[in-house]
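Summary of structural features
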Amino acid sequence: GNSVTQMEGPVTLSEEAFLTINCTYTATGYPSLFWYVQYPGEGLQLLLKATKADDKGSNKGFEATYRKETTSFHLEKGSVQVSDSAVYFCALSPGNQFYFGTGTSLTVIP
Amino acid sequence: DAGITQSPRHKVTETGTPVTLRCHQTENHRYMYWYRQDPGHGLRLIHYSYGVKDTDKGEVSDGYSVSRSKTEDFLLTLESATSSQTSVYFCAIRDRGGFMQYFGPGTRLTVT
(Lines give C-alpha, C1' and ligand atoms only; values in the text may rest on other atoms or scores of the structure.)
Protein backbone atom coordinates (compact mmCIF):
# COMPACT_ATOMS: atom_id res chain seq x y z
CA GLY A 1 0.00 0.00 0.00
CA ASN A 2 0.86 3.67 0.16
CA SER A 3 2.00 5.41 3.32
CA VAL A 4 4.25 8.16 4.61
CA THR A 5 6.24 8.17 7.82
CA GLN A 6 7.79 11.36 9.08
CA MET A 7 9.76 12.15 12.17
CA GLU A 8 7.93 12.86 15.36
CA GLY A 9 7.86 16.37 16.67
CA PRO A 10 7.78 18.84 18.02
CA VAL A 11 11.09 20.25 16.86
CA THR A 12 12.50 23.39 18.47
CA LEU A 13 15.46 25.19 16.92
CA SER A 14 17.25 28.46 17.40
CA GLU A 15 17.19 30.99 14.60
CA GLU A 16 19.83 30.27 11.91
CA ALA A 17 20.11 26.60 12.89
CA PHE A 18 20.10 23.80 10.31
CA LEU A 19 16.84 21.93 9.84
CA THR A 20 16.23 18.35 8.81
CA ILE A 21 12.82 16.69 8.94
CA ASN A 22 12.93 13.05 7.93
CA CYS A 23 10.34 11.48 5.66
CA THR A 24 10.22 7.95 4.30
CA TYR A 25 7.53 6.40 2.19
CA THR A 26 6.03 3.16 0.96
CA ALA A 27 4.38 3.24 -2.41
CA THR A 28 3.22 1.26 -5.38
CA GLY A 29 4.60 2.46 -8.66
CA TYR A 30 6.42 5.76 -8.98
CA PRO A 31 4.73 8.42 -6.91
CA SER A 32 5.26 12.14 -6.83
CA LEU A 33 6.48 13.45 -3.47
CA PHE A 34 5.60 16.70 -1.71
CA TRP A 35 6.21 18.83 1.32
CA TYR A 36 3.36 21.00 2.54
CA VAL A 37 3.44 23.64 5.26
CA GLN A 38 0.57 24.68 7.52
CA TYR A 39 0.58 27.92 9.47
CA PRO A 40 -1.76 28.27 12.47
CA GLY A 41 -5.41 28.54 11.51
CA GLU A 42 -4.76 27.99 7.81
CA GLY A 43 -4.98 25.24 5.23
CA LEU A 44 -1.95 23.45 3.86
CA GLN A 45 0.24 25.17 1.30
CA LEU A 46 2.53 23.40 -1.12
CA LEU A 47 6.16 24.03 -0.20
CA LEU A 48 7.96 21.93 -2.77
CA LYS A 49 7.61 18.83 -4.93
CA ALA A 50 9.58 16.21 -6.84
CA THR A 51 8.04 14.02 -9.49
CA LYS A 52 10.73 11.44 -10.20
CA ALA A 53 13.79 9.79 -8.65
CA ASP A 54 16.78 12.08 -8.02
CA ASP A 55 14.70 15.22 -8.56
CA LYS A 56 15.38 17.98 -6.06
CA GLY A 57 12.51 20.20 -5.06
CA SER A 58 13.31 23.62 -3.63
CA ASN A 59 11.49 26.72 -2.46
CA LYS A 60 12.13 29.53 0.03
CA GLY A 61 15.47 28.00 1.04
CA PHE A 62 13.95 24.57 1.70
CA GLU A 63 15.15 21.54 -0.28
CA ALA A 64 14.28 17.86 -0.55
CA THR A 65 15.67 15.17 -2.85
CA TYR A 66 13.63 12.20 -4.09
CA ARG A 67 15.73 9.16 -3.10
CA LYS A 68 14.24 6.02 -4.58
CA GLU A 69 16.94 3.72 -3.22
CA THR A 70 16.20 4.74 0.37
CA THR A 71 12.52 5.64 -0.23
CA SER A 72 13.12 8.98 1.41
CA PHE A 73 12.33 12.66 0.86
CA HIS A 74 13.94 14.51 3.76
CA LEU A 75 13.29 18.24 4.14
CA GLU A 76 16.29 20.50 4.81
CA LYS A 77 16.99 24.18 5.29
CA GLY A 78 20.37 25.65 6.02
CA SER A 79 19.30 28.53 8.25
CA VAL A 80 15.82 28.66 9.74
CA GLN A 81 13.98 31.83 10.64
CA VAL A 82 11.29 32.54 13.22
CA SER A 83 8.83 32.86 10.34
CA ASP A 84 9.43 29.18 9.44
CA SER A 85 7.58 28.10 12.58
CA ALA A 86 4.75 25.90 11.31
CA VAL A 87 3.68 22.29 10.85
CA TYR A 88 5.29 20.46 7.93
CA PHE A 89 3.67 17.52 6.14
CA CYS A 90 5.31 15.05 3.81
CA ALA A 91 2.99 13.55 1.20
CA LEU A 92 2.97 11.26 -1.80
CA SER A 93 0.68 10.76 -4.74
CA PRO A 94 0.84 7.69 -6.96
CA GLY A 95 -2.10 8.92 -9.01
CA ASN A 96 -5.49 10.29 -8.07
CA GLN A 97 -5.10 10.10 -4.30
CA PHE A 98 -2.71 11.82 -1.92
CA TYR A 99 -1.29 10.30 1.26
CA PHE A 100 0.02 12.47 4.08
CA GLY A 101 2.32 11.95 7.02
CA THR A 102 1.22 12.94 10.50
CA GLY A 103 3.03 16.28 10.42
CA THR A 104 6.04 17.69 12.26
CA SER A 105 5.66 20.86 14.29
CA LEU A 106 8.60 23.24 14.07
CA THR A 107 9.18 26.14 16.43
CA VAL A 108 12.07 28.52 15.78
CA ILE A 109 13.11 30.70 18.69
CA PRO A 110 15.00 33.99 18.29
CA ASP B 1 -4.85 31.10 -4.48
CA ALA B 2 -6.92 28.45 -6.27
CA GLY B 3 -10.24 30.11 -5.46
CA ILE B 4 -11.41 27.56 -2.90
CA THR B 5 -13.89 28.50 -0.21
CA GLN B 6 -15.47 26.37 2.48
CA SER B 7 -18.65 26.97 4.42
CA PRO B 8 -19.36 27.13 7.22
CA ARG B 9 -15.95 27.87 8.73
CA HIS B 10 -17.06 26.83 12.20
CA LYS B 11 -19.96 24.69 13.33
CA VAL B 12 -21.11 23.16 16.58
CA THR B 13 -23.77 20.50 16.36
CA GLU B 14 -25.30 17.81 18.51
CA THR B 15 -24.83 14.08 18.21
CA GLY B 16 -27.29 12.50 15.83
CA THR B 17 -27.97 15.59 13.71
CA PRO B 18 -27.18 15.77 9.99
CA VAL B 19 -24.47 18.17 8.88
CA THR B 20 -23.44 19.31 5.41
CA LEU B 21 -20.20 21.05 4.62
CA ARG B 22 -19.71 22.86 1.35
CA CYS B 23 -16.62 23.32 -0.79
CA HIS B 24 -16.74 25.77 -3.65
CA GLN B 25 -14.12 26.38 -6.33
CA THR B 26 -14.06 28.96 -9.05
CA GLU B 27 -11.50 27.55 -11.49
CA ASN B 28 -13.26 24.54 -12.99
CA HIS B 29 -10.90 21.90 -11.57
CA ARG B 30 -11.96 18.34 -12.21
CA TYR B 31 -10.63 16.71 -9.03
CA MET B 32 -11.86 17.71 -5.57
CA TYR B 33 -11.11 16.11 -2.20
CA TRP B 34 -12.36 16.07 1.36
CA TYR B 35 -9.92 15.40 4.22
CA ARG B 36 -10.14 15.44 7.96
CA GLN B 37 -7.27 16.56 10.13
CA ASP B 38 -6.81 15.17 13.63
CA PRO B 39 -3.87 15.34 16.04
CA GLY B 40 -1.54 12.41 15.56
CA HIS B 41 -3.16 11.38 12.28
CA GLY B 42 -2.24 14.13 9.88
CA LEU B 43 -4.67 14.44 6.99
CA ARG B 44 -6.81 11.49 6.03
CA LEU B 45 -8.82 11.29 2.85
CA ILE B 46 -12.57 10.89 3.27
CA HIS B 47 -13.87 11.01 -0.30
CA TYR B 48 -12.82 12.50 -3.57
CA SER B 49 -14.47 13.38 -6.87
CA TYR B 50 -13.10 13.17 -10.39
CA GLY B 51 -16.03 14.84 -12.11
CA VAL B 52 -19.68 15.72 -11.81
CA LYS B 53 -21.47 12.78 -10.18
CA ASP B 54 -18.18 10.80 -10.09
CA THR B 55 -16.91 10.11 -6.59
CA ASP B 56 -14.84 7.51 -4.79
CA LYS B 57 -14.10 6.56 -1.21
CA GLY B 58 -10.97 7.38 0.68
CA GLU B 59 -9.33 5.94 3.75
CA VAL B 60 -11.95 7.05 6.31
CA SER B 61 -15.25 7.19 4.43
CA ASP B 62 -17.51 5.42 6.97
CA GLY B 63 -20.20 7.78 8.25
CA TYR B 64 -19.72 10.27 5.42
CA SER B 65 -21.32 10.77 2.03
CA VAL B 66 -20.57 13.23 -0.74
CA SER B 67 -22.25 14.74 -3.74
CA ARG B 68 -21.10 16.72 -6.71
CA SER B 69 -23.91 17.94 -8.93
CA LYS B 70 -21.91 20.88 -10.32
CA THR B 71 -18.23 21.19 -11.14
CA GLU B 72 -17.74 24.00 -8.68
CA ASP B 73 -19.39 22.45 -5.60
CA PHE B 74 -18.44 19.37 -3.59
CA LEU B 75 -20.61 18.64 -0.56
CA LEU B 76 -19.69 16.48 2.42
CA THR B 77 -22.57 15.16 4.52
CA LEU B 78 -22.51 13.55 7.93
CA GLU B 79 -25.87 11.79 8.01
CA SER B 80 -25.90 11.43 11.79
CA ALA B 81 -23.00 13.21 13.44
CA THR B 82 -21.01 11.47 16.18
CA SER B 83 -18.44 12.86 18.61
CA SER B 84 -15.70 10.96 16.76
CA GLN B 85 -16.38 13.21 13.77
CA THR B 86 -15.26 16.28 15.68
CA SER B 87 -12.38 17.46 13.51
CA VAL B 88 -11.11 20.06 11.11
CA TYR B 89 -12.26 19.36 7.57
CA PHE B 90 -10.31 20.50 4.55
CA CYS B 91 -11.36 20.60 0.95
CA ALA B 92 -8.75 20.49 -1.79
CA ILE B 93 -8.50 20.57 -5.55
CA ARG B 94 -5.87 19.03 -7.78
CA ASP B 95 -4.24 21.24 -10.36
CA ARG B 96 -4.53 20.48 -14.05
CA GLY B 97 -0.95 19.23 -14.23
CA GLY B 98 -2.00 16.55 -11.80
CA PHE B 99 0.88 16.99 -9.41
CA MET B 100 -0.29 19.40 -6.77
CA GLN B 101 -3.17 20.03 -4.44
CA TYR B 102 -4.47 23.37 -3.21
CA PHE B 103 -6.39 23.52 0.02
CA GLY B 104 -9.29 25.52 1.31
CA PRO B 105 -9.17 27.32 4.68
CA GLY B 106 -10.88 24.49 6.59
CA THR B 107 -14.05 23.97 8.60
CA ARG B 108 -13.84 23.31 12.31
CA LEU B 109 -16.68 20.98 13.31
CA THR B 110 -17.51 20.17 16.90
CA VAL B 111 -20.05 17.45 17.69
CA THR B 112 -21.30 17.61 21.27
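These numbers come from a predicted model, not from an experiment.

So, how was this worked out
Residues numbered from 1 in each chain as written. Chains lettered and ligands numbered in written order. Predicted model: local features only at pLDDT ≥ 70, side-chain atom pairs only at ≥ 80, totals over all residues. Heavy atoms only, no water. Helix = DSSP H or I, 4+ residues; strand = E, 2+ residues; numbered from the N terminus. Rg over C-alpha atoms; globule rule 2.2 N^0.38 Å. Buried < 20%, exposed > 50% of the residue type's maximum accessible area, 1.4 Å probe, protein only. Contact = heavy atoms within 4.5 Å. Disulfide = S-S within 2.5 Å. Buried area = accessible area lost by both parts, 1.4 Å probe. Polar contact = N/O pair within 3.5 Å; in protein donor to acceptor, adjacent residues only side chain to side chain. Nonpolar A, V, L, I, M, F, W, Y, C, P; charged D, E, K, R; others polar. Pairing = 2+ DSSP bridges. Axes fitted to C-alpha atoms, helices over the stretch in contact; angles between N-to-C directions.

1. Quick word on the overall build of chain A
When helices and strands are counted, chain A shows zero helices and 12 strands. Compactness check: chain A gives a C-alpha radius of gyration of 13 Å against a globular reference of 13 Å for 110 residues, within 12% of the reference. Oriented by its inertia axes, the alpha-carbon framework of chain A measures out at about 45 × 30 × 20 Å. Residues classed as buried in chain A amount to 44% of the 110 residues present. A separation of at least 24 residues holds for 56% of the contacts in chain A among residues at least 6 apart in sequence.

2. As for the state of the cysteines
Applying the stated rule across the entire model yields two disulfides over all chains. Two residues, C23 of chain A and C90 of chain A, share a disulfide whose sulfurs are 1.9 Å apart. Because the sign of the S-S torsion sets the handedness, a value of about -70 degrees for the bond joining C23 of chain A and C90 of chain A places this disulfide among the left-handed ones. Within this pair, whereas C23 of chain A is found in strand β4 (residues 23–26), its partner C90 of chain A is found in strand β10 (residues 86–93), the two being separated by 67 residues in sequence. In this structure C23 of chain A comes out as buried when scored by relative accessible area, which is 0%. Each sulfur in the disulfide pair C23 of chain B and C91 of chain B lies 1.8 Å from the other. Since a negative S-S torsion denotes a left-handed disulfide, the C23 of chain B-C91 of chain B link at about -70 degrees is left-handed. In this pair, C23 of chain B sits in strand β3 (residues 19–25) while C91 of chain B sits in strand β9 (residues 87–94), placing the two residues 68 residues apart along the sequence. A relative accessible area of 0% places C91 of chain B in the buried class.

3. Structural notes on the interface of chain A and chain B
Between chain A and chain B, the contact holds 19 residues from the first and 21 residues from the second. Summed over both sides, the interface between chain A and chain B buries roughly 1600 Å², with carbon and sulfur atoms accounting for 58% of that surface. The largest contributions to the chain A side of the interface with chain B come from N96, F98 and F100 of chain A, which together make up 34% of the buried area. For the interface between chain A and chain B, the tally reads six residue pairs in polar contact (both at pLDDT 80 or more). Looking at the side of chain A that touches chain B, the elements that each hand over two or more residues are β5 (32–38) and β6 (44–50) of chain A. Ranked by residues supplied to the side of chain A that touches chain B, first place goes to β5 of chain A with four residues. A per-class count over the side of chain A that touches chain B returns seven nonpolar, 10 polar and two charged.

4. Focus on the sheet that holds β3 of chain B
Residue and element names in this part refer to chain B. Strands sit in the order β1-β3-β8-β7 across an open sheet of four strands; the sheet is antiparallel. Where the open sheet ends on each side, the last strands, each with one partner, are β1 (4–7) and β7 (64–70). Strand-to-strand, the axes of this sheet are offset by a mean angle of 20 degrees, without reference to chain direction. Here β1 pairs with β3 via four bridges, running antiparallel. From the neighbouring strand, I4 faces β3, where its bridge partner is Q25.

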